Amino acid sequence: EALLTGDYVKYSSNVNFSVTSEQRGLDLDNLSIMNGFTHWSYVNSKGANLVCDLQGVGPIITDPQIIDRNHE
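Residues numbered from 1 in each chain as written. Predicted model: local features only at pLDDT ≥ 70, side-chain atom pairs only at ≥ 80, totals over all residues. Heavy atoms only, no water.

**Observations regarding the overall build of the chain**
Secondary structure summary: the chain contains one helix and five strands in total. Scanning the chain from its N terminus toward the C terminus, one meets helices and strands in the order β-α-β-β-β-β. By its C-alpha atoms, the chain is 35 × 25 × 20 Å across when sized along the principal axes. The buried share among the 72 residues of the chain stands at 29%. Sequence-distant contacts, at least 24 apart, represent 37% of the contacts inside the chain between residues at least 6 apart. (Helix = DSSP H or I, 4+ residues; strand = E, 2+ residues; numbered from the N terminus. Buried < 20%, exposed > 50% of the residue type's maximum accessible area, 1.4 Å probe, protein only. Contact = heavy atoms within 4.5 Å.)

Structural data, given as structure tokens:
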């Protein structure tokens, strides 16, 4: 992450989180894509998984999280 050039933006989290429009470097197109992907991951897995905690620089996402309903 430290080697990426540009503003580091948090699009979603794995806990309570609200995106603010004041976030430096926030790209609304990227925000729409990130939200759509999170929703798609949930729907496509029939509610078994959710990809979240999407953050990074521009279109480069670093350290995403996958929440899985199967605790094993």
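**Overview of helix 1 (residues 28–44)**
Compared with an ideal rise of 1.5 Å per residue, which puts 17 residues at 24 Å, helix 1 spans 24 Å between its outermost C-alpha atoms and is within 8% of the ideal. For helix 1, the complete set of buried residues consists of Asn-30, Leu-31, Met-34, Thr-38 and Ser-41. End-on, the buried residues of helix 1 take up no more than an arc of 110 degrees, which puts them together on one face. In helix 1, those exposed residues whose orientation departs by more than 90 degrees from the buried face are Leu-28, Asp-29, Ser-32, Ile-33 and His-39. Buried residues in helix 1 make contact with strand 2 (49–52) and strand 4 (60–61). Backbone nitrogen of Asp-29 and a side-chain oxygen of the N-cap are separated by 2.8 Å at the start of helix 1; the cap is Asp-27. Where helix 1 ends, the next residue or the one after it, Lys-46, has phi of about 55 degrees, a positive value. (Expected span 1.5 Å × (residues − 1). Arc of directions from axis to C-beta. Polar contact = N/O pair within 3.5 Å; in protein donor to acceptor, adjacent residues only side chain to side chain.)

**Remarks on the sheet that holds strand 4**
Sheet architecture is open: three strands sit in the order 1-3-4, paired in antiparallel fashion. Lying at the two open borders of the sheet, with one neighbouring strand each, are strand 1 (8–10) and strand 4. (Pairing = 2+ DSSP bridges.)

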